[in-house]
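Report on the structure
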Amino acid sequence: MHKDIATPARTRAILDKYGFSFKKSLGQNFLIDTNILRRIVDHADLSEESGAIEIGPGIGALTEQLARRSKKVLAFEIDQRLLPILEETLSPYPHVSIINEDVLKADVKTAIEQEFEGVDDIMVVANLPYYVTTPIIMKLLEDKLPIRGIVCMLQKEVADRISARPGTKEYGSLSIAVQYYTEAETAMIVPKTVFVPQPNVDSAVIKLTKRKEPAVAVKSESFFFQVTKASFAQRRKTLLNNLTSQLPEGKQKKEQILSALEQANVEPGRRGETLSIEEFARLSDALLPHFS
């Protein structure tokens, strides 16, 4: 067995050898606790036949744990300064491929087709850079990739928002967007002390299991998301106020919005955070004819 990358001493030695300095703009925080990395991988339920996609492998600490438990690992790394480091640290694992690209701009679907031939079970497992967590998760879900799910580390507060239920202050358009595509659960809380450099906040690992079908059937996905975003635009405002001020020509269409609310059996004076995903589906379908 090769020596683990994710120990404080080995991490420091690797960084010193390459004179690597952390870039704040890339949200780089490297994990230095092997047990936590193993537990993250446990939540992904990988087998020797599985494939894993990683985003932001850093110096390869999580990548190595994934490589030990899967058939193939594909990692996207935006920072080219890390490529020679990864080449060295991951040299024992020939079944790891690194793509030097921003995952938000990458054609992930094509990369999967090229890299995972004959692999049916694919999970995304990543310690995501905090400043782009939400766009990355939404891209992975909206691109409708052939993956079983996502296990990722992110800021605890974002994890709380993703797994939130109606009626809580964390519940919002992000909760609905992610829960539309997946079943979301917070798998574990991770203290900031196990990272270098230490972030300012604690982290959480969230597990998103892709649904066979979306949580609700809607006539227009994009309009459904537009309505949920509009409903939370100003949290203190009522649905009616938010929808009239946020939807295109909403002020002129107040009567139509009122009749759609009535048709969906939703009180106009309610606030967005009290509606279930099913109620949002009914509401967006009732509103759609007036806004298409």
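Residues numbered from 1 in each chain as written. Predicted model: local features only at pLDDT ≥ 70, side-chain atom pairs only at ≥ 80, totals over all residues. Heavy atoms only, no water.

**Quick notes on the overall build of the chain**
A count of helical and extended segments in the chain gives 12 helices and 9 strands. With the C-alpha coordinates of the chain rotated into their principal frame, the extents come out at 65 × 40 × 30 Å. Put simply, the chain has 292 residues, and 53% of those count as buried. Counting contacts in the chain only where the partners sit at least 6 residues apart, residues at least 24 apart contribute 69% of the total. Accessible surface computed for the chain: about 13700 Å², of which carbon and sulfur atoms make up 48%. The chain carries 38 positive and 39 negative side-chain charges, and their two centres are separated by 5 Å. (Helix = DSSP H or I, 4+ residues; strand = E, 2+ residues; numbered from the N terminus. Buried < 20%, exposed > 50% of the residue type's maximum accessible area, 1.4 Å probe, protein only. Contact = heavy atoms within 4.5 Å. Areas by Shrake-Rupley, 256 points an atom, 1.4 Å probe, with all protein chains shown as cover. Lys, Arg positive; Asp, Glu negative; His and termini not counted. Charge placed at Lys NZ, Arg CZ, Asp CG, Glu CD.)

**Brief notes about the UniProt feature "binding site: S-adenosyl-L-methionine" (unreviewed entry) in the chain**
UniProt annotation of "binding site: S-adenosyl-L-methionine" (unreviewed entry) refers to N29, L31, G56, E77, D102 and N127 when read in the numbering used here. As for the largest pocket, its lining draws on N29, L31, G56, E77, D102 and N127 from among the annotated residues. With respect to the helices and strands, L31 occurs in strand 1 (residues 30-31). Those residues within four positions of L31 in sequence are excluded, and the remaining contacts are A6, I36, L37, I40, A61, N127, M153, V194 and F195. A polar side-chain atom of E77 sits 2.9 Å from the main-chain amide nitrogen of D79. (UniProt positions renumbered as here; feature names shortened; annotations may be inferred. 1 Å grid on protein atoms, 1.4 Å probe; cavity = no way out; pocket = protein on both sides within 12 Å on 5 of 7 lines; lining within 4 Å. Polar contact = N/O pair within 3.5 Å; in protein donor to acceptor, adjacent residues only side chain to side chain.)

**What to know about the side chain of E279**
Among the secondary structure elements, E279 is positioned in helix 12 (residues 277-291). When its relative accessible area of 15% is taken as the criterion, E279 is described as buried.

**A word on the layout of surface pockets**
Considered as a void within the structure, the largest pocket measures approximately 420 Å³ in volume. Elements supplying a minimum of two residues to the lining of the largest pocket: strand 1, strand 2 (51-55) and helix 3 (61-69). Looking at the lining of the largest pocket, its residues break down into 21 nonpolar, 7 polar and 4 charged. (Points joined across faces, edges and corners; volume = space filled by probe spheres on them. Nonpolar A, V, L, I, M, F, W, Y, C, P; charged D, E, K, R; others polar.)

**Here's the deal with helix 9 (residues 221-231)**
Taken together, the buried positions of helix 9 are occupied by F223, F224, F225, V227, T228, A230 and S231. For helix 9, the secondary structure elements touched by its buried residues are helix 8 (173-181), helix 10 (239-246) and helix 12.

**Digging into unusual backbone geometry**
The linkage connecting V196 with the following residue, P197, adopts the cis geometry, with an omega of -15°. As for its position among the elements, P197 is in the loop between strand 8 (195-196) and strand 9 (203-210). The residue K144 is not glycine, and still its phi comes out positive at about 50°. One can find K144 in the loop between helix 6 (133-142) and strand 6 (149-155). By relative accessible area, which is 44% here, K144 ends up partly exposed. Even without being a glycine, N265 presents a positive backbone phi close to 60°. For N265, the location among the structural elements is in the loop between helix 11 (254-263) and helix 12.

**Things to note about the UniProt feature "domain: Ribosomal RNA adenine methylase transferase N-terminal" (unreviewed entry) in the chain**
The UniProt record annotates "domain: Ribosomal RNA adenine methylase transferase N-terminal" (unreviewed entry) at residues 36-212. This span, residues 36-212, is 33% helix and 26% strand, and a straight line between its end C-alpha atoms measures 30 Å.

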